[in-house]
Amino acid sequence: MQEILDRIAGPEDVKKLGRREQQLLAKEIRRYLVSHVSKTGGHLSSNLGVVELTIALHGVFTSPADKIIWDVGHQCYAHKILTGRKDRMGTIRQFHGLSGFPKPSESPHDHFQTGHSSTSISVALGMAKARDLRGDGSHVVAVIGDGALTGGMAYEAMNNAGQMKTDLIVVLNDNQMSISKNVGGMALYLDSIRTGSVYRVIKADVEKALKRIPWVGEKVHDLAVSMKNGLKQVLVPGMFFEELGFTYLGPVDGHDMEQLHTVLEQAESVAGPVLVHVKTVKGKGYRHAEADPMKYHGTKPFEPQSGQVPASPQGGQGYSEVFGRCLTELAREDGKVVAITAAMTDGTGLEPFAHAFPERFFDVGIAEQHGVAFAAGLACEGYKPVFAVYSTFLQRAYDQLVHDVCIQELPVVLAVDRAGLVGEDGETHQGVFDVSFLNQMPNMTVMAPADGRELEAALAFALSGTARPKGPVAIRYPRGTAPFREEVAPIVYGRMEVLAKGEGVALVFVGSMMETALELQRRLVRTGIRPTLVNARFIKPLDMELLESLCRNHHTMVVLEENQVIGGLGSEILRRLNEGGFEKTCRIAIYGIQDRFVEHGDRKSLLQLLDLDPDSIWEDLQKKWKVDAHGG
């Protein structure tokens, strides 16, 4: 039953509920979340943890006039339910369905599209300052998790907010860190004193009185301030935030509706930036998620009663699993190999390494910039750092890659996971830019293994240090199950791999596009064309000797990649061959992602949307390029 939830059409209906009804609503929302996410997959644990907080936010503030900015945004499901989208929750993260993150095009209650960590305070501060310039009295609230506070950008924003002294509310959703133990009534009591008007008036009057004492007034005032600050460091929770210029409220129980309403109403009344510290339990209300919140952080569809995720029909190992196992084996042979992750130990497959070599494993938190510079320091001292990071998050460390790694030709290995289309997480997570920005960097080597066995070989090659020039190596590989060929030719630096020799048409593919290339090869053979099939392996440097040979002996070269066309393999091949005058002898057909962001959906649907599926490419080759047995 969802007696109360059925009455909620928007945030205004939340305000009509009493505290007891809001607490019952939280239970109904949790059942609703488990029911839907068990079918669609998605972020479950984080959403279960913020149900009461979300209800309280909409109970106290008036959205969309008041703005709520969700950091990362994967915890916004309850927010979507309360803002008129509950009937579409069955489509969340599905192709053409609701996004799993805030999206302004979906609802006026989603004020900013988030997806990456630690940005909410900066965005909220900008919105608050715009409000000040307009002169309206609305509130701006940033909701940020304790994990996101490991990202330096959050502190840059807090430092700036403290200097500006503009009205801003930051809600710290703390589901892991233990900043302070005094949760609940006493903390609320202290907050009511510290934020009450009487306290503020008395404080101001005492300061004025002290300063008016002849000769020694200023000194007495300064001594009092010094003593007060010393006592506050000991007695007041959250002094770190106070020193940044925030009024600190809390911590409070994030599952107690009365406490949440009280502290948020207090925050409304405080001038200047305020930090509200809320303690929550990740996975709250669903025993399987409470017991193992990481398992249900981002989950595939599962059976609600048992919590079991059905085995993949494909079977086999995922690329991340292959990487983690292989790196652990290589580390056993070489004590200089170290592994780094930015708060993605499980996602990047590094659990085995962390267990086997805890002293050589480093989780730097959600701090990709720091992670790259940290790796550079390790490399300077003779170690072999491997930074495992999702493609979309590597974007955040662009400057460190150029400035701290590439200029100095340091042997840092980048294990670029989730390269290409990642599917259901949408625009903010698609790994379709890494080839383009890594290609720009002098001294950078970029590899793209086509299967699990080649990933193992590429990792061993990158860490060998003898078979390649010095400098960083990026190895990009996709999400999902890794195919395994029976044999893989030895890797030679800068050399592509010819899988089949033919004539007329050459198919050159990057990594995850191998299956598409094989399907096109089969179709060409059926029309009487026996194409040459080439596994790019190295995106940078290019195998110009082979590419020029292909141009001399083929009338059409088809380049297949799961990356932006701008700056990708195809455009670089075209540029280099144009310099050599080969564009006149061989047509270059490039199939990749055009100048656009890619929405969420399953990979098959997205490939069709982008005309990168075998049927679309085949149709284009027939119509535009007139590929036939005679060369068109």
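In the block above lies the structure referred to throughout.
Per chain, residues are indexed from 1 in the order of the written sequence. Whole-chain, interface and lining totals are the exception, using all residues; otherwise, since this is a predicted model, local features are given only for residues with pLDDT of at least 70 and side-chain atom pairs are given and counted only at 80 or more. Side-chain numbers come from the whole structure's heavy atoms, not from hydrogens or water.

Draft legend 1. Here's a closer look at the packing of aromatic side chains. For Phe, Tyr and Trp, rings pair up if their centres lie within 6.5 Å, where Trp contributes its six-membered ring, and each pair is then called stacked (planes under 30 degrees apart), edge-to-face (over 60) or tilted (otherwise). Per the counting criterion, the structure on display carries 16 aromatic pairs. Centroid distance phenylalanine 241 to tyrosine 248: 6.0 Å. Interplanar angle 0°. Geometry classified as stacked. Per residue, the accessibility class of phenylalanine 241 equals that of tyrosine 248, and both read buried. Among the aromatic residues, those joined into a cluster by ring pairs are Tyr155, Phe240, Phe241 and Tyr248. Residue exposure (1.4 Å probe, protein chains only): buried if accessible area is under 20% of the type maximum, exposed if over 50%, otherwise partly exposed.

Draft legend 2. Molecular detail of the nonpolar core. Core analysis: the biggest nonpolar cluster contains 51 residues, and Leu414, Leu438, Leu547, Met557, Leu569 and Leu577 have the highest contact counts within it. Any pair of residues with heavy atoms lying within 4.5 Å of one another is described as a contacting pair. The residues contacting leucine 569, other than those within four sequence positions of it, are Val435, Val508, Val510, Ala536, Ile539, Leu542, Val559 and Glu561. Leu98, Leu264, Ala267 and Phe302 belong to the second largest nonpolar core, which has 50 residues in total. Among buried residues, those of type Ala, Val, Leu, Ile, Met, Phe, Trp, Tyr and Cys that are joined through side-chain atoms within 4.5 Å constitute a nonpolar core.

Draft legend 3. Highlighting empty space enclosed by the protein. Detection works on a 1 Å grid of protein atoms alone, calling trapped sets that fit a 1.4 Å probe cavities and calling open sets with protein on both sides within 12 Å along at least five of seven lines pockets, with lining residues defined by an atom within 4 Å of a point. Grid points are joined across faces, edges and corners, and a volume is the space filled by probe spheres set on the points. Evaluation of the coordinates by the stated rule reveals three cavities of 30 Å³ or more. Volume-wise, the largest cavity comes out at about 60 Å³. Residue lining of the largest cavity: Ala419, Gly420, Ala448, Pro449, Arg476, Tyr477, Pro478, Val510, Gly511 and Ser512, and that is the complete set. For the lining of the largest cavity, the class distribution of residues is six nonpolar, three polar and one charged. Polar here means any residue outside two lists: the nonpolar Ala, Val, Leu, Ile, Met, Phe, Trp, Tyr, Cys and Pro, and the charged Asp, Glu, Lys and Arg; Gly therefore counts as polar.

Draft legend 4. Representation of the sheet that holds strand β6 (residues 337-341) in the model. For two strands to be treated as a pair, DSSP must find at least two bridges joining them. Numbering of helices and strands runs from the N terminus, with a helix taken as a DSSP run of H or I at least four residues long and a strand as a DSSP run of E at least two residues long. What the seven strands build is an open sheet, ordered β7-β6-β8-β9-β11-β10-β15; its pairing is mixed. The sheet is open, and its two edges are formed by β7 (361-363) and β15 (537-540), each paired on a single side. On average, each strand axis in the sheet is inclined to that of its neighbour by 25°, with strand direction left out of account. The pairing of strand β8 (residues 384-390) with strand β9 (residues 413-417) spans five bridges and is classified as parallel. Each residue of the ladder has a partner; that of valine 386, found in β9, is valine 413. A fitted line through C-alpha atoms serves as each axis, taken over the contacting stretch for helices, and the angle formed by two N-to-C directions is quoted from 0 to 180°.

Draft legend 5. Spotlight on the packing of helix α4 (residues 51-60) against helix α5 (residues 77-85). As a packed pair, α4 and α5 sit with axes 9 Å apart at the nearest point and diverge in direction by 40°. Classed by the angle they form, the pair α4 and α5 counts as oblique. Between α4 and α5 lies a crossing of right-handed hand. Contacts from Val51, Thr54, Ile55 and His58 in α4 reach Ala78, His79, Leu82 and Thr83 in α5. For the contact of α4 with α5, a count of residues per class yields four nonpolar, four polar and no charged. Oblique is the label for any angle not under 35 degrees, not over 145, and not in the 65 to 115 range, which are roughly parallel, roughly antiparallel and roughly perpendicular in turn. By convention the crossing between two helices is left-handed if the near helix lies anticlockwise of the far one by an angle smaller than a right angle, and right-handed if it lies clockwise.

Draft legend 6. The arrangement of the packing of helix α6 (residues 120-134) against helix α7 (residues 152-164) in detail. Two elements in contact, α6 and α7, have axes separated by 8 Å at closest approach and are oriented at 25°. What the angle tells us is that α6 and α7 run roughly parallel. Counted together, Ile121, Ser122, Leu125 and Lys129 of α6 and Met153, Ala154, Ala157, Met158, Asn160, Ala161 and Met164 of α7 form the full contact between these two elements. Grouping the constituent residues of the contact of α6 with α7 by class yields eight nonpolar, two polar and one charged.

Draft legend 7. Fine view of the sheet that holds strand β4 (residues 247-253). The strand order β1-β2-β3-β5-β4 describes an open sheet built from five strands, whose pairing is parallel. Two strands lie at the open edges of the sheet, namely β1 (67-70) and β4, each paired on one side alone. In this sheet, adjacent strand axes meet at a mean angle of 20° when their direction is disregarded. Across four bridges, the pairing between β1 and strand β2 (residues 140-145) is parallel. Directly across from lysine 67, in β2, lies its bridge partner valine 140. This element, α4, spans β1, β2, β3 (168-174) and β5 (273-279) of the sheet and lies at about 160° to β1. Running at roughly 175° to β2, α6 makes contact with β1, β2 and β3 of the sheet.

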